[in-house]
Amino acid sequence: MTVHSEADRHRIDVLLQDQEERITRRWIDIAVANAGGHAARGALTERLREIYPALQRALAKDGENGELRRLLAELSRGQARQGFTPSETVVLVLGIKEAVYEVIEAEEDSETLRGYHWFCKFVDDLGLFTFETFAAARERIITDQAEQLLELSTPVVKLWDGILAVPLVGTLDSARTQVVMEKLLQALVETGSEHAVIDITGVPAVDTQVAQHLLKTVVAARLMGAECVVSGIRPQTAQTIVTLGIDFGDIVTKASLAEALAYALRRSGVQISEGSGKRVVVGVERA
Amino acid sequence: MTDTFEVPIDSDSDVVVVRQHVRSHALQAKLSLVDQTKVVTAASELARNTLVYGGGGRLVIEAISNGVRRGLRLSFIDEGPGIGDVEQALTDGWSTGGGLGLGLSGSRRLMDEFDLESAPGRGTRVTVVKWVR
Amino acid sequence: MERVPILKLGDILIVSIQIDLQDQGVLALQEDLADAVVEHRARGVIIDITAVEIVDSFIGRMLSTIASISRVLDAETIVVGMRPAVAITLVELGLSLGGVRTALNLEKGVALLHSRDGVDSDTVTR
């Protein structure tokens, strides 16, 4: 159902055309004033001057606003990245309503008013669209950061030829444990390492789910032909494991990373002997 | 938003075809490598069930979205004898066909959502979903 | 139906699965391997699954069965090259591949078989 005649719309089109400079200037002023004071006027001016003609074209073509949407999406993504709030972003778009109103205020004919009403609805939709893109962009930034954090917090290091270690630090949740699991197994294949030490000294608490993931990692590694040792289990953690009734089965656990390394070295046939001068002599048994 | 694809399951070689189609759809849905592997493995188990216990049937693959996340939905449909005791069929190690009894219970663990509709004489429909993480 | 070739290297049989096997093909491989172990008096069997993208319960059972059969025929079976994603999936599926020994790659699998043979001949000479 459309209550607006072509004539009403045409009025707005003409107005936007004739008063382009005046409206744009006013729009930029309003936008800068509302944008929380820390917006760069230059960049904003450039953006809005780009959006204005796109808006005109979209109005003329009625709904064909792919280009306009692209520009608005770019604008709101930029705003999200620079840390503006959603309202600071949306007022940028809505500001044009005020700018246009100031121009038509003097005119009293109902055609222009009806046209303005229609225009407002159009701009409101754009405002909603801007808000949505802003929210999506924010979401994206958050997930990206979470992923980066995951990557950062789960290094797989080489302790010795054929022995890898993952020192886990901080709270383990299911997602993070899963990432560690995949990364460790991948590293085992890539380096041809038959031993891995999962050190949980820096993990304050182990719950049932995390214990399950650790167990699964160890079993999966075994299926691939590698052995895992879990080290650094705190007395408290040991108590939780027993209290929760988690069965660690035949998984080898060691109190410290050093002991786990010594164990893995022994298993891979490396002999460690302490010489007289407190020198550590290392010899490989197996060819 | 759905995009549907159907694969018949009438012979041994169709199980391989199911695996291939599910893999390419899982890839398209941008599932992680591990999740792709889980989905294809579950599909292999369920397709074999459809063939062995249902006497053949079909698989419907759909790309789905719940507004927030995208995912892959697989429905295995047969007009076979159906399952009398669904509860029991979902137990690890329970099998009537001489298998390991991991088909249903195992694929349930591999997927995010699992739904089994069946009654004696009315066929079986197993629907599973994997969401993109 | 495609068949998987079985290669002989000394007293070791090597099978590299490169195709997406049908259930029939899996069963055929199981039979062929049992025959080959007897025919070549093999001491070890290596199944390379580096190229295998999924191991479901059917293939998993075949691996366990081959291990059991060859053990009866006095040969050791080693499965090599399992991909991480496959291993994770198998654990989730609830399949432990009981009785199957594993190694990261073909080279390590061969080394594992040889080191066992070494131990065996050692005890014999003593």
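Throughout what follows, the structure given in this document is the object of discussion. Worth saying up front: this structure is predicted, and the values here are computed from it rather than measured.

On to helix H10 (residues 257-267) of chain A, then. Restricting attention to buried positions, one finds in H10 of chain A the residues Ala260, Tyr263, Ala264 and Leu265 of chain A. The first or second residue beyond H10 of chain A is Gly269 of chain A, which carries a positive phi of 85°.

This part is about the interface of chain A and chain C. Across the boundary between the two partners, chain A contributes 17 residues, which contact 15 residues of chain C. In total, about 1,300 Å² of surface goes out of reach between chain A and chain C, with carbon and sulfur atoms giving 72% of it. Considering only the side of chain A, the residues that lose the most area to chain C are Lys216, Leu223 and Met224 of chain A, jointly responsible for 47% of the buried surface there. For the pair chain A and chain C, the number of links is 1 salt bridge. At the junction of chain A with chain C, the criterion picks out 6 residue pairs in polar contact (both at pLDDT 80 or more).

Our next topic: the side chain of Thr89 of chain C. Along the chain, Thr89 of chain C turns up in helix H3 (residues 84-93). Using a relative accessible area of 1% as the deciding quantity, one classes Thr89 of chain C as buried. Discounting residues that sit within four places of it in the chain, Thr89 of chain C has contacts with Val34, Thr37, Lys38, Thr41 and Leu110 of chain B.

How big an interface is tends to be stated in terms of accessible area lost as the parts join. Counting residues at the interface gives 20 residues for chain C, matched by 23 residues for chain B. Of the roughly 2,000 Å² buried at the junction of chain C and chain B (both faces included), carbon and sulfur atoms supply 57%. The largest per-residue losses of area from chain C upon contact with chain B belong to Ile54, Glu92 and Leu93 of chain C, which jointly make up 28% of the total buried on that side. Seen at the junction of chain C and chain B, the total is 6 salt bridges. The interface formed by chain C and chain B includes 11 residue pairs in polar contact (both at pLDDT 80 or more). Counting residues per element, the ones that place at least two in the side of chain C that touches chain B are helix H1 (23-40), helix H2 (57-72) and H3 of chain C. Considering only residue class, the side of chain C that touches chain B consists of 9 nonpolar, 5 polar and 6 charged.

With that settled, consider the pairing of strand S4 (residues 227-231) of chain A. Residue and element names in this part refer to chain A. Counting buried positions along S4 yields 4 of 5 residues, so the element is predominantly enclosed. Alignment of strand S3 (residues 195-202) against S4, held across 5 bridges, turns out to be parallel. Pairing of Ala196 across the sheet is with Cys228, part of S4. After leaving S3, the chain enters helix H8 (residues 208-224) and then returns to the sheet as S4, a path that is right-handed. The pairing of S4 with strand S5 (residues 252-254) spans 3 bridges and is classified as parallel. Across the sheet, Val229 pairs through a bridge with Val252, a residue of S5. Viewed along the sheet, the connection from S4 through helix H9 (residues 235-243) into S5 turns out right-handed.

Analysis parameters
- Residues numbered from 1 in each chain as written.
- Chains lettered and ligands numbered in written order.
- Predicted model: local features only at pLDDT ≥ 70, side-chain atom pairs only at ≥ 80, totals over all residues.
- Heavy atoms only, no water.
- Buried < 20%, exposed > 50% of the residue type's maximum accessible area, 1.4 Å probe, protein only.
- Helix = DSSP H or I, 4+ residues; strand = E, 2+ residues; numbered from the N terminus.
- Contact = heavy atoms within 4.5 Å.
- Buried area = accessible area lost by both parts, 1.4 Å probe.
- Salt bridge = Lys/Arg side-chain N within 4 Å of Asp/Glu carboxyl O.
- Polar contact = N/O pair within 3.5 Å; in protein donor to acceptor, adjacent residues only side chain to side chain.
- Nonpolar A, V, L, I, M, F, W, Y, C, P; charged D, E, K, R; others polar.
- Pairing = 2+ DSSP bridges.
- Right-handed = clockwise from strand over helix to strand, strands pointing away.

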